[in-house]
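# Fold and geometry: a report
The chain contents come next:
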Amino acid sequence: MGRPRVDVSADARVALDALSLLSNKWHPVVVVALTHHGPSGFNELLDVIPDISGKVLSETLETLVEAELIERTVISESPLRVEYGLTSAGKEMEPIFAALSEWGTRHLETDAPTVLIADGDRRLLDMYGDWLSDQYEVVRAPDGRALESALEDGPTVVVFELGLPGAAPDDVIESVGNRCRTIALVGDRPTFDLFALECDDVLRKPIVRETALEAIETQLSRIDEPDEQRERAAITAKLSLFRSVYSRDTLESNPQYLEARSRLESLESAADE
């Protein structure tokens, strides 16, 4: 390995060699992904690293195999199934990343809120990320597994589609809990069981950038509001959505809609007392 000329100790030069190996944008990302998820197939890695292209991932894996940080194992010949996992040298990097994480928390923490976008359509996922990345720290998740992993970083707002692969809507809400705000993306004609989903807001797809930004800013402004106020806002958002989709006669004959409207009236009466 060629070394830049620098007057430092031998130990420092070895450290520079190690940093050079990880200086590529995607090398440390793949190593961390395998550390977190364990041995994974090519498509599995594409799912957990949604911003990488197949070509770049293939080149990255090849380089890391040559560097003996990861190993390629053929699971089956027909059909061909290959799995990538960390070598012993790769596994020994885990405490290095842990130390970097601790350092970054102390010195690199940003004040920008983190928004987690979860959608099974990679094209939409990239588009949403481009809309938001100039104002927020954006994390993308193409499925339930990636969403679960991303929640460990403590996002402030979670925007997720109801049809997210590998994740039922109720499971998403349960995983998120009350620690952050939630915005559900629903299809053209939402079903009435949406009233039972404890999300803070609902947006009807397709959405535009201005709608997404306004919804996220609204949720950020409501952080730490009382539970009753939070519930009122959530029910109001759902009622408004359904009124824009269904006729009055349809709504007035639906028990879930009527129950939600009644609950909102009770909350508003209590707030006025």
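Heads up: the structure comes first, above all this text.
So, here is what we can say about the structure in this document. What you are looking at is a predicted structure, and each value in this text was computed from that prediction instead of being measured.

Moving on: the overall build of the protein. Summing up its helical and strand segments, the protein has 13 helices and eight strands in all. Its C-alpha radius of gyration of 23 Å places the protein more than 25% over the 19 Å reference for a compact globule of 273 residues. Its C-alpha atoms give the protein principal-axis dimensions of roughly 75 × 50 × 30 Å. The buried share among the 273 residues of the protein stands at 40%. Contacts in the protein between residues far apart in sequence, at least 24 positions, make up 57% of those at least 6 positions apart.

Before going further, it helps to spend a moment on the side chain of Thr-60. By the element assignment, Thr-60 lies in helix H4 (residues 54-66). Among all residues touching Thr-60, those that are not within four sequence positions of it are Trp-26, His-27, Val-30 and Ile-52.

Right, let's talk about empty space enclosed by the protein for a bit. For the structure on display, the rule yields one cavity of 30 Å³ or more. Taken as a whole, the largest cavity spans an internal volume of roughly 70 Å³. Lining the largest cavity we find Ile-117, Tyr-128, Trp-131, Leu-132, Val-159, Ile-183, Leu-203, Ile-207, Ala-212, Ala-215 and Ile-216. Counting residues per element, the ones that place at least two in the lining of the largest cavity are helix H7 (122-132) and helix H10 (209-221).

The subject of this paragraph is the pairing of strand S4 (residues 114-118). Burial runs high along S4: five of the five residues are buried. Every second residue of S4 is oriented toward a common face, with Thr-114, Leu-116 and Ala-118 on one face and Val-115 and Ile-117 on the other, all of them buried. Note: S4 against strand S5 (residues 137-141), five bridges, orientation parallel. Within S5, the residue paired with Val-115 across the bridge is Val-138. Crossover connection from S4 via H7 to parallel S5: handedness right-handed. Bridge count for S4 against strand S6 (residues 157-161) is four bridges, and the pairing is parallel. Pairing of Ala-118 across the sheet is with Phe-160, part of S6.

Now for the packing of aromatic side chains. Scanning the model with the defined rule gives seven aromatic pairs in all. Centre to centre, the rings of Phe-195 and Tyr-257 are 6.3 Å apart; their planes meet at 70 degrees, and the pair counts as edge-to-face. On the criterion of sequence distance, the pair formed by Phe-195 in the loop between strand S7 (181-186) and strand S8 (201-204) and Tyr-257 in helix H13 (residues 255-272) is long-range, its members being 62 residues apart. Grouping residues by exposure puts Phe-195 and Tyr-257 together as buried.

When two helices pack together, you describe them by how their axes are tilted relative to each other and by the distance separating the axes. Running from amino to carboxyl end, helix H11 (residues 227-245) crosses H13 at an angle of 140 degrees, the nearest separation of the two axes being 10 Å. As the angle between them shows, H11 and H13 are arranged oblique. Relative to H13, the crossing made by H11 is left-handed. Of H13, the residues touching H11 (which contributes Glu-228, Glu-231, Arg-232, Ile-235, Thr-236, Leu-239 and Arg-243) are Tyr-257, Ala-260, Arg-261, Arg-263, Leu-264, Leu-267, Glu-268 and Ala-271.

Here the second largest pocket is characterised by a volume of approximately 590 Å³. Looking at the second largest pocket, it is lined by 22 residues, and the ones nearest its centre are Leu-197, Glu-198, Glu-231, Ala-234 and Lys-238. Every element with two or more residues in the lining of the second largest pocket is listed here: helix H9 (169-176), H11 and H13. With six residues, the top contributor of residues to the lining of the second largest pocket is H11.

Reading the values: the criteria
Position numbers for residues count from 1 along each chain, tracking the sequence in the order it is written. Local features in this predicted model are restricted to residues whose pLDDT is 70 or higher, and side-chain atom pairs enter the listing and the counts only when it is 80 or higher, whereas totals over whole chains, interfaces and linings include all residues. Excluding hydrogens and water, the side-chain figures rest on all heavy atoms present in the structure. Helical segments are the DSSP runs of H or I of at least four residues, strand segments are the runs of E of at least two, and each set is numbered from the N terminus. Between the two quantities, the radius of gyration covers C-alpha atoms and the globule rule is 2.2 Å times the number of residues to the power 0.38. Here's how the labels work: a residue is buried when its accessible area is under 20% of the maximum for its type, exposed when over 50%, partly exposed in between, all with a 1.4 Å probe on protein chains only. Whether two residues are in contact is decided by their heavy atoms, any of which lying within 4.5 Å being enough. Of the two site types, the cavity is a set of points on a 1 Å grid over the protein atoms alone where a 1.4 Å probe fits but cannot get out, and the pocket is an open set with protein on both sides within 12 Å along at least five of seven lines, each lined by residues with an atom within 4 Å of a point. Grid points are joined across faces, edges and corners, and a volume is the space filled by probe spheres set on the points. Paired strands, as defined in this entry, are two strands with at least two bridges between them according to DSSP. Handedness of a crossover is defined as follows: with both strands directed away from the viewer, a clockwise route from the first strand across the helix to the second makes it right-handed. For this analysis, a ring pair means two rings from Phe, Tyr or Trp (six-membered ring only for Trp) whose centres lie within 6.5 Å, classed as stacked if their planes differ by under 30 degrees, edge-to-face if by over 60, and tilted for the remaining angles. The convention used is that axes are lines fitted to C-alpha atoms, helices contributing only their stretch in contact, and that angles between N-to-C directions extend from 0 to 180 degrees. To sort the angles, those under 35 degrees are grouped as roughly parallel, those over 145 as roughly antiparallel, those from 65 to 115 as roughly perpendicular, and the leftovers as oblique. A crossing counts as left-handed when the near helix is turned anticlockwise from the far one by less than a right angle, and as right-handed when that turn is clockwise.

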